[in-house]
4 protein chains.
Amino acid sequence: MTGNTFGKAFAVTTWGESHGQGLGVIIDGCPPKIPLTQTDIQNDLDRRKPKNVPGSTKRKEPDRVEIMSGLFEGKTTGTPIALVIYNKDADSRAYKDIKEVFRPGHGDFTYLKKYGIRDHRGGGRASARETAARVAAGAVAKRILDQNGIQVKAYTVELAGIRVERCDLDMVEENYFFAPDKDVAQRMEERIKAIKASEDSAGGVVEVRVMGCPPGLGEPVFDKLDAEIAKALMSIGAVKAVEIGIGVEAARLLGSECNDELTPNGFVTNRSGGILAGISNGEDIVARATVKPIPSIGIEQKTIDIQSRPTTISVKGRHDISAIPRIVPVCEAMVSLVIADHLLRQKALK
Amino acid sequence: MTGNTFGKAFAVTTWGESHGQGLGVIIDGCPPKIPLTQTDIQNDLDRRKPKNVPGSTKRKEPDRVEIMSGLFEGKTTGTPIALVIYNKDADSRAYKDIKEVFRPGHGDFTYLKKYGIRDHRGGGRASARETAARVAAGAVAKRILDQNGIQVKAYTVELAGIRVERCDLDMVEENYFFAPDKDVAQRMEERIKAIKASEDSAGGVVEVRVMGCPPGLGEPVFDKLDAEIAKALMSIGAVKAVEIGIGVEAARLLGSECNDELTPNGFVTNRSGGILAGISNGEDIVARATVKPIPSIGIEQKTIDIQSRPTTISVKGRHDISAIPRIVPVCEAMVSLVIADHLLRQKALK
Amino acid sequence: MTGNTFGKAFAVTTWGESHGQGLGVIIDGCPPKIPLTQTDIQNDLDRRKPKNVPGSTKRKEPDRVEIMSGLFEGKTTGTPIALVIYNKDADSRAYKDIKEVFRPGHGDFTYLKKYGIRDHRGGGRASARETAARVAAGAVAKRILDQNGIQVKAYTVELAGIRVERCDLDMVEENYFFAPDKDVAQRMEERIKAIKASEDSAGGVVEVRVMGCPPGLGEPVFDKLDAEIAKALMSIGAVKAVEIGIGVEAARLLGSECNDELTPNGFVTNRSGGILAGISNGEDIVARATVKPIPSIGIEQKTIDIQSRPTTISVKGRHDISAIPRIVPVCEAMVSLVIADHLLRQKALK
Amino acid sequence: MTGNTFGKAFAVTTWGESHGQGLGVIIDGCPPKIPLTQTDIQNDLDRRKPKNVPGSTKRKEPDRVEIMSGLFEGKTTGTPIALVIYNKDADSRAYKDIKEVFRPGHGDFTYLKKYGIRDHRGGGRASARETAARVAAGAVAKRILDQNGIQVKAYTVELAGIRVERCDLDMVEENYFFAPDKDVAQRMEERIKAIKASEDSAGGVVEVRVMGCPPGLGEPVFDKLDAEIAKALMSIGAVKAVEIGIGVEAARLLGSECNDELTPNGFVTNRSGGILAGISNGEDIVARATVKPIPSIGIEQKTIDIQSRPTTISVKGRHDISAIPRIVPVCEAMVSLVIADHLLRQKALK
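Scope of this entry: the structure provided in the associated data block. (Residues numbered from 1 in each chain as written. Chains lettered and ligands numbered in written order. Predicted model: local features only at pLDDT ≥ 70, side-chain atom pairs only at ≥ 80, totals over all residues. Heavy atoms only, no water.)

What about the overall build of chain A?
Item 1. Helices and strands together make up the secondary structure of chain A, namely seven helices and 18 strands.
Item 2. Radius of gyration (C-alpha) of chain A: 21 Å, near the 20 Å computed for a compact globule of 350 residues.
Item 3. Each of the three principal axes of chain A carries a C-alpha extent, and together these read 65 × 50 × 35 Å.
Item 4. Relative to its 350 residues, chain A shows a buried fraction of 69%.
Item 5. Across chain A, the fraction of contacts at a sequence separation of at least 24, relative to all contacts at a separation of at least 6, is 70%.
Item 6. Summed over its atoms, the accessible surface of chain A is roughly 11000 Å², and 46% of this surface lies on carbon and sulfur atoms.
Item 7. Once the 49 positive and 46 negative side-chain charges of chain A are each reduced to a mean point, those two points are 5 Å apart. (Helix = DSSP H or I, 4+ residues; strand = E, 2+ residues; numbered from the N terminus. Rg over C-alpha atoms; globule rule 2.2 N^0.38 Å. Buried < 20%, exposed > 50% of the residue type's maximum accessible area, 1.4 Å probe, protein only. Contact = heavy atoms within 4.5 Å. Areas by Shrake-Rupley, 256 points an atom, 1.4 Å probe, with all protein chains shown as cover. Lys, Arg positive; Asp, Glu negative; His and termini not counted. Charge placed at Lys NZ, Arg CZ, Asp CG, Glu CD.)

Brief notes about the interface of chain A and chain B
Item 1. Residue-level contacts link 106 residues of chain A with 106 residues of chain B.
Item 2. Carbon and sulfur atoms make up 61% of the area that chain A and chain B hide from each other, which totals about 8100 Å².
Item 3. Considering only the side of chain A, the residues that lose the most area to chain B are A:Met1, A:Lys114 and A:Phe222, jointly responsible for 12% of the buried surface there.
Item 4. At the junction of chain A with chain B, the criterion picks out eight salt bridges.
Item 5. A salt bridge links B:Lys114 to A:Glu219, with the shortest nitrogen-to-oxygen separation between them at 3.2 Å.
Item 6. If you look at where chain A meets chain B, you find 56 residue pairs in polar contact (both at pLDDT 80 or more).
Item 7. Across three bridges, strand β11 (residues 239-244) of chain A lies against strand β11 (residues 239-244) of chain B in antiparallel orientation. When the sheet's bridge partners are listed, A:Ala241 is paired in β11(B) with B:Glu243. (Buried area = accessible area lost by both parts, 1.4 Å probe. Salt bridge = Lys/Arg side-chain N within 4 Å of Asp/Glu carboxyl O. Polar contact = N/O pair within 3.5 Å; in protein donor to acceptor, adjacent residues only side chain to side chain. Pairing = 2+ DSSP bridges.)

Some details on helix α2 (residues 108-115) of chain A
Item 1. Along α2(A), six of the eight residues are buried, which leaves the element largely enclosed by surrounding structure.
Item 2. All buried positions along α2(A) are accounted for by A:Asp108, A:Phe109, A:Thr110, A:Tyr111, A:Lys114 and A:Tyr115.
Item 3. At its buried positions, α2(A) is contacted by β12 (262-263), β13 (266-267), β14 (275-276), β15 (279-280) and α7 (327-347) of chain B.
Item 4. A positive backbone phi angle near 75 degrees is found at A:Gly116, which sits one or two residues after α2(A).

Some words on the pattern of salt bridges
Item 1. Summed over all chains, the structure comprises 133 salt bridges over all chains.
Item 2. Across the pair D:Lys231 and C:Glu228 runs a salt bridge, and its minimum N-O distance is 2.9 Å. Taken as a pair, D:Lys231 in helix α5 (residues 225-234) and C:Glu228 in helix α5 (residues 225-234) lie in two separate chains rather than in one. The residues D:Lys231 and C:Glu228 share a single accessibility class, namely buried.
Item 3. Bridged by salt links that share partners, the residues A:Lys8, A:Asp223, A:Glu228, A:Asp341, A:Arg345 and B:Lys231 form one connected network.

Some details on the relation of the copies chain D and chain C
Item 1. Each copy of the sequence occupies a distinct position, and chain D is placed on chain C by a rotation of 180 degrees and an axial shift of 0.0 Å, giving an RMSD of 0.0 Å. These values place the two chain copies in the arrangement generated by a two-fold rotation axis.
Item 2. Looking at chain D, 100% of its interface residues are interface residues in chain C too, so the copies touch through the same face. (Least-squares fit on C-alpha atoms with pLDDT ≥ 70 in both.)

Topic: the relation of the copies chain A and chain B
Item 1. Least-squares fitting of chain A to chain B yields an RMSD of 0.0 Å, with the superposition described by an axial translation of 0.0 Å and a rotation of 180 degrees.
Item 2. The fraction of interface residues of chain A whose copies in chain B are also interface residues reaches 100%, indicating that both copies meet through the same surface.

Side note on the interface of chain D and chain C
Item 1. Every contact between the two is made by 106 residues of chain D and, on the other side, 106 residues of chain C.
Item 2. Surface buried jointly by chain D and chain C totals about 8200 Å² across both partners, of which 61% is contributed by carbon and sulfur atoms.
Item 3. The three residues of chain D that bury the most area against chain C are D:Met1, D:Lys114 and D:Phe222, which together make up 12% of that side's buried surface.
Item 4. At the boundary of chain D and chain C, one finds eight salt bridges.
Item 5. Taken together, the connections running from chain D to chain C amount to 56 residue pairs in polar contact (both at pLDDT 80 or more).
Item 6. Per-class residue counts for the side of chain D that touches chain C are 49 nonpolar, 30 polar and 27 charged. (Nonpolar A, V, L, I, M, F, W, Y, C, P; charged D, E, K, R; others polar.)

Considerations on the packing of helix α5 (residues 225-234) of chain B against α7(B)
Residues and elements named next belong to chain B.
Item 1. Where α5 meets α7, the closest approach of the two axes is 9 Å, and the angle between their N-to-C directions is 145 degrees. By crossing handedness, the relation of α5 to α7 is classed as right-handed. Counting all contacts with α5, which are made through Leu225, Glu228, Ile229, Ala232 and Leu233, the residues of α7 involved are Cys331, Met334, Val335, Val338, Ile339, Asp341, His342 and Arg345.
Item 2. A per-class count over the contact of α5 with α7 returns nine nonpolar, one polar and three charged. (Axes fitted to C-alpha atoms, helices over the stretch in contact; angles between N-to-C directions. Left-handed = near helix turned anticlockwise from the far one by under 90°.)

Quick look at the structure:
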């Protein structure tokens, strides 16, 4: 059944495979009269582009977005905004080798089990390329957030075991890894190079911060703001855990260590991550996504083919070593979609 | 806007406050001809009942469920199943003191910011009592899962800093804490007693395991099975993090340490937690929820009243020390709802 | 799959059978701080009550509604409003005779085909009694409409072949049939008596008028306001046709006879029924529902039993001769739900 | 809020304006392994193409559809199917004249009232061109229906006051008007010519027949099959009334004249139009849509401009005289979408 739509008031529906004609998204529910340009969206897509760093794929991926509808004289009309990104660099020959083999850690096995058919080329619908459509939609969501003084920023707080030590958001766009700590970025690069040399891959942690979010967003009881963020981030392929505020630390704290006291000047601390009882409290919303290592590695692994015969696989070629940094703008986009959706939903209550 | 419905094919909508007439749930989409009794549901509700252990509330909470519709001669009819639990022990006088004060860590502040009005009695809709309706709905979901050979089991793997050391599911119902490790349960009890004495509260970790789940459940791309589980668990009030399989550990592993190799006899390991690319792979599905300490504590905390004047609060009276163990059946119910929903959704694809 | 929820922003989910414990509705999405009393709802339910007129059922049907949740100190809280109406007059013995026989014109046959099981007592979920929950929900919707200066009024324009000749809305509550024409009401009563004497039944036409609706409601392209009204009215059991504005007459008119010209003082005519391109234009919204005769008649009809053996049926006992007048408040409620839903949806666009 | 998605299990979301880059649709929920070609879809689109008859627009409208995703080696994959139709003949200069004037009977006025901005070119999103996306989606739905032995056929039963006298479905594709009566088609053509000469326009009635539909489709209580068909047809711009089975005639019949008696060989009559209590009964489903005349006429009409100043309008140029025949494939598509959706929804109940 249908699983390709996200959001209720600001609803995005994505389509497309890595090696089909392209991919895209329809945004239904975007308010009218919001200024929007192709560049607004392209800028965010470009941030997702592979960079010339060790560990990033060598593919030239222009990912040029086209606005197909919903815009008139530079402004949204309130009707569906369709965005399309054509696939231009789709060489499916490289995927012949994996046509009959299930790659460990990938969706090859489960897609075939689910549908009884799969497009093996580049992962088909399971490809990380699908997330380009999310980034495009997120860029539109951000125009709404801008108008409401809300900013969403994602950044890398851990990569391949190296954690950032300070958090200076001005540094995020200044290094390959979207790390808010310039010094650590250099060490990350070295670590990634070493892992690449050993033909392995690495994971990390992305944090997303929403600044300027008004209190009152989030819908009890199932569509709590944190529940929606959890779904949003966990729906990104490589994510294995989502934390809000202090996250997994909460298990080991006492209540007196975990509560945020209130004063007339606001909350004293922000352990809650800006959300209480599923509703934003006016503090920064803070969420973290744990990103698993890229499953495609050069190291030989045991697997089976589609006839269940044992074999081995060693994935060579143009692959990223980590979903970070490319996943960072995706996390930012997904949280932007949640906030924009709930901003509009809250208006219906007034 | 609407946030009180969960699921698309097996859709549950809950209502009710802790101090209103009662609470309940409508289940829409339950297949017909499934045997169902009041006892099936009551049994699960009773597991959520406060137990006579240190740290649990003293309230006598009968929570008797009534099946109002959707049943004929002991079987479901395919029409909506309405379940009601009347509030019988709702003494709202105890809550007078907090009428004008925001309790740290609670939804008092955010509910008022969102709605401009709030039912302060016992937390109103934000009360943990709301989860009784989820447990009731989960019990119905389990009847469907039963028929498909699927079992969902939740248990405590950490409480107040004490982790279980082995996992024997036969032990889960044998101790107060739903811990799969009898020895550790004793230590948990002592630790909880000590925390109670200090008027503080404690958190922990609940694990949920789905056994017998067929491969193929979960809908790309947004309604991935792990994304839905993440939302399901994070929508429970006290949960601050959700992990699938290895969870937060994934950040520090290499690809070669994280992938599950395949053999003709199945997956060699289950680091993925039974889900690949958002679709079940036939292994046990394993998810974990981090539960924060109960925010109501006897220790005095700074806060403000509804006129933003500084004050302090010390919550005395009948409160749990930890959401564990009562949250355990709730986690079990929420994951059961997800699996039942996706089981039915998968049928629509055939 | 789920079909018991109506509306997206103001979403109502109904449950219940004619001979179960009762029936009810959850309203999710009602804005907070709206004054609401049990009487507001009861008044509309009472309008649906059988009246002591020829052709109406003799059952004493108190249909007392209880507000179970979502209300605090006389005002809505923004959380789900649950309404319950207990069944008190449910004598299922009378239905024994039809347990094994399909009544022509009823859902007996199709419910069994769909679900493989059916609650035969009083029609089960297919009973017109289900519409009481709609009327209750509609009464809440009207509180929102009131606050926005919108009034929805349904009335009978044709019954058993007798059409009203004038439309004086002040007359609607003054006669048994909700007819806006006092003189004609008398003739309707006589006609219904005659049909009752012949053990047959009669149909008619209900018109619904929305006054004070602002322009701009309705969502292109599928959720057009007229499309939603069509669904709303056609979802009432006995309705076989829905018309908007001039309705079926449109087929025979020329464009010059059908268009509504505009002047600075507004539209010259209202053939469109207040909706253009699926969006309200500020004129009265006018819709009509054709109501088929009650299928339960005393005249003997051919039918089959559940073993497909031929038999005959003659339905005696307490049955209405026409769904009019009891269907009139139901039509009013359904259109009220549509308008309230779209009023809230429009707010999300601002 | 969102109104551009139709269906729950087979969900279609459309986008596009008459003078933007193009229009299209995403189909989410289509089962995998269904054979599908571009030609399957193109054939239905071609049936919607203007024909060289009096009264049809002169525009050359190639409307070539492209399948962008969801297909692999000629079969559906279960992932979203995106279809795009590029606009090629979009000369927006012709619409300059109406930029500041509201055309009677069109959505010009209401779109501006709703959104505060409108794309005036060719009606923007309100253009009948939008329905091309529906026809494309309907063609995919038909592939599913084919596999289940279900056929949906729409045809003209009345045009400009001329009714068909017999119903021979083999004749439908043999004449310009999709009339199931060859003789009458000739008279329709003459009548349309005369109306064109007088610079006026005409309406009519389209009937849709579903053959081979199994009993059991349709969801009580709001998503009744007839309610869904009513919405589907009423959501097409020009439709002012929807009837099921005997439709508006039901108002004047007695119960004994309206019920369909049952025999072991099936229903004796089909006044119900194949639907009882909102569920298909195995007979042909019969629905009718009343189509209003095209509002754009050469005859001068009073209107106002966007500053509310009185003016007149006379719409010259390339306009159809009636939405019939082009609306016929659209009605067929919409009902196909409903049946496909409910076919899949019914599977989730098993």
